[in-house]
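Spelled out, the chains give:
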Amino acid sequence: STYDAALGYSQTIYIAVYGSGVWKTVDAGKNWIKALTMAVAGKTFDQRVTSLAINPINGAGNAAAEVFAGTDGGGLYRSGDNANTWTRQQAINDSVIQDVIIQEDATINGATNVWISGKNGIHYTKDAYTAVPTWTQVTTLDTAAGVNPDVRALARDSVDGTLYAAVYGDVTGNSSPRGGVYTSTDGFITWTFTAGVAADTGAHRLDALAIVGAAGADTLFVGTE
């Protein structure tokens, strides 16, 4: 909503700082403001923030930006007022949130579907805009060894809704369970391992994803440690 044609980007920018919470600027980076409070704890928002997702659509009655912040050790937080106050999202079986992606909906006051990745795999909600959203843990996203994986990154094709998850894999031994990319075409439940991704020993620890292209002709980029 504050896009500046001369600059080529928005004047409002949010950044996540590991150990110092969320900061924002409303003048294209000249001045930065600390996001102040967590509504639940009522204290300075000094969380170790690892990821941010910003709803690009102001839904019905939603004049302020909706922001989700994933933290290392504090779980997931949501703000519905331009990152001024925050509410911790409950019923998530993971305190380490490594990535957040949202599916916005212009007809409601906030995002509908939200996916988060962490040490305990993937959680999702279909009612993120509500006061107490219901979170469900994906149970089909397992490695060959049957261990719920450490999911470092998520990506979503905005055209056809295909989801991708980067699994970090074995951290210590460069062996099974291997990391790789999982794909879901039903949005939530069923995930399929993409064979042949980073099959070499030592190259399977994946921690970044990006997607470009039209539906059916996507290019997926994967970053490894």
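Parameters at a glance
- Residues numbered from 1 in each chain as written.
- Predicted model: local features only at pLDDT ≥ 70, side-chain atom pairs only at ≥ 80, totals over all residues.
- Heavy atoms only, no water.
- Helix = DSSP H or I, 4+ residues; strand = E, 2+ residues; numbered from the N terminus.
- Buried < 20%, exposed > 50% of the residue type's maximum accessible area, 1.4 Å probe, protein only.
- Contact = heavy atoms within 4.5 Å.
- Areas by Shrake-Rupley, 256 points an atom, 1.4 Å probe, with all protein chains shown as cover.
- Pairing = 2+ DSSP bridges.
- Lys, Arg positive; Asp, Glu negative; His and termini not counted.
- Salt bridge = Lys/Arg side-chain N within 4 Å of Asp/Glu carboxyl O.
- Polar contact = N/O pair within 3.5 Å; in protein donor to acceptor, adjacent residues only side chain to side chain.
- Core = buried A, V, L, I, M, F, W, Y, C linked by side-chain atoms within 4.5 Å.

Enquirer: Can you walk me through the overall build of the protein in this structure?
Expert: If you tally the helices and strands in the protein, you get zero helices and 19 strands. Burial status across the protein gives 43% buried among its 225 residues. The long-range fraction of contacts in the protein, counting pairs at least 24 apart against all pairs at least 6 apart in sequence, stands at 44%. Taken as a whole, the protein presents about 10,500 Å² of accessible surface, with 52% of it coming from carbon and sulfur.

Enquirer: Hey, could you run me through the sheet that holds strand 9 (residues 87-88) in this one?
Expert: Hydrogen bonds between backbone groups are what pair the strands of a sheet, and the pairing can be parallel or antiparallel. Across the sheet, four strands lie side by side as 6-7-8-9; this open sheet has antiparallel pairing. Only two strands of the sheet have a single neighbouring strand rather than two, namely strand 6 (49-54) and strand 9. Where strand 8 (residues 76-79) and strand 9 come together, two bridges link them in antiparallel fashion. Across the sheet, residue arginine 78 finds its bridge partner in strand 9, namely threonine 87.

Enquirer: Explanation requested: the sheet that holds strand 16 (residues 180-184) in the structure shown.
Expert: Strand order in the open sheet made by the four strands is 14-15-16-17, with antiparallel pairing throughout. Strands at the two margins of the open sheet, each flanked by one partner only, are strand 14 (151-156) and strand 17 (192-193). Alignment of strand 16 against strand 17, held across two bridges, turns out to be antiparallel. Bridge assignment links threonine 183 to a residue of strand 17, and that residue is threonine 192.

Enquirer: Help me understand the side chain of aspartate 99 in this model?
Expert: Residue placement: aspartate 99 occurs in strand 10 (residues 97-103). With no salt bridge to any partner, buried aspartate 99 finds its closest opposite charge in arginine 152, at an N-O distance of 11 Å. At 2.8 Å, the side chain of aspartate 99 forms a polar contact with the backbone nitrogen of leucine 154. What aspartate 99 contacts, discounting residues up to four positions off in sequence, is Ser51, Trp115, Ile116, Ser117, Arg152, Ala153 and Leu154.

Enquirer: Would you mind showing me how to read the pattern of salt bridges here?
Expert: Two side chains carrying opposite charge are able to pair once their charged atoms lie near each other. A full pass over the atoms with the stated rule returns three salt bridges. The residue lysine 119 makes a salt bridge to aspartate 150 at a minimum N-O spacing of 3.5 Å. Highlighted residues: lysine 119 in the loop between strand 11 (113-118) and strand 12 (121-125) and aspartate 150 in the loop between strand 13 (136-137) and strand 14, separated in sequence by 31 residues. Residue lysine 119 is classed as partly exposed on the basis of its relative accessible area of 40%. Judged by relative accessible area, which is 12%, aspartate 150 ranks as buried. Taken together, the salt bridges that share partners define one network made up of Lys119, Asp150 and Arg152.

Enquirer: What exactly am I supposed to notice about unusual backbone geometry here?
Expert: Glycine aside, a negative phi is what most residues show, and trans is what most peptide bonds show. For alanine 83, which is not glycine, the phi torsion reads 70 degrees and is therefore positive. Among the secondary structure elements, alanine 83 is positioned in the loop between strand 8 and strand 9.

Enquirer: I keep staring at the pairing of strand 3 (residues 13-17) and nothing clicks. Help me out?
Expert: Working note: regular strand, side chains alternate between the two faces of the sheet. Of the strand pairs in this sheet, strand 3 and strand 4 (residues 21-25) are connected by five bridges, and their pairing is antiparallel. From the neighbouring strand, isoleucine 13 faces strand 4, where its bridge partner is threonine 25. Once strand 3 ends, the chain turns through three residues before running back antiparallel as strand 4, passing glycine 19 with a positive phi of about 105 degrees.

Enquirer: For this particular structure, what's the right way to read the nonpolar core?
Expert: Trp115, Ile122, Val151, Leu154, Ala165 and Trp191 are the most contacted members of the largest nonpolar core, which has 13 residues in total. At the level of elements, strand 12, strand 14 and strand 15 (163-167) are the ones that each hand at least two residues to this core. Per-element tally for this core: the top contributor is strand 15, with three residues. Leaving out residues up to four positions away in the same chain, tryptophan 115 has contacts with Asp99, Val100, Ile101, Ile102, Gln103, His123, Tyr124, Leu154, Arg156, Leu163, Gly187 and Phe188. Of all hydrophobic cores here, the second largest spans 12 residues; its members include Phe68, Ile92, Val114 and Ala128.

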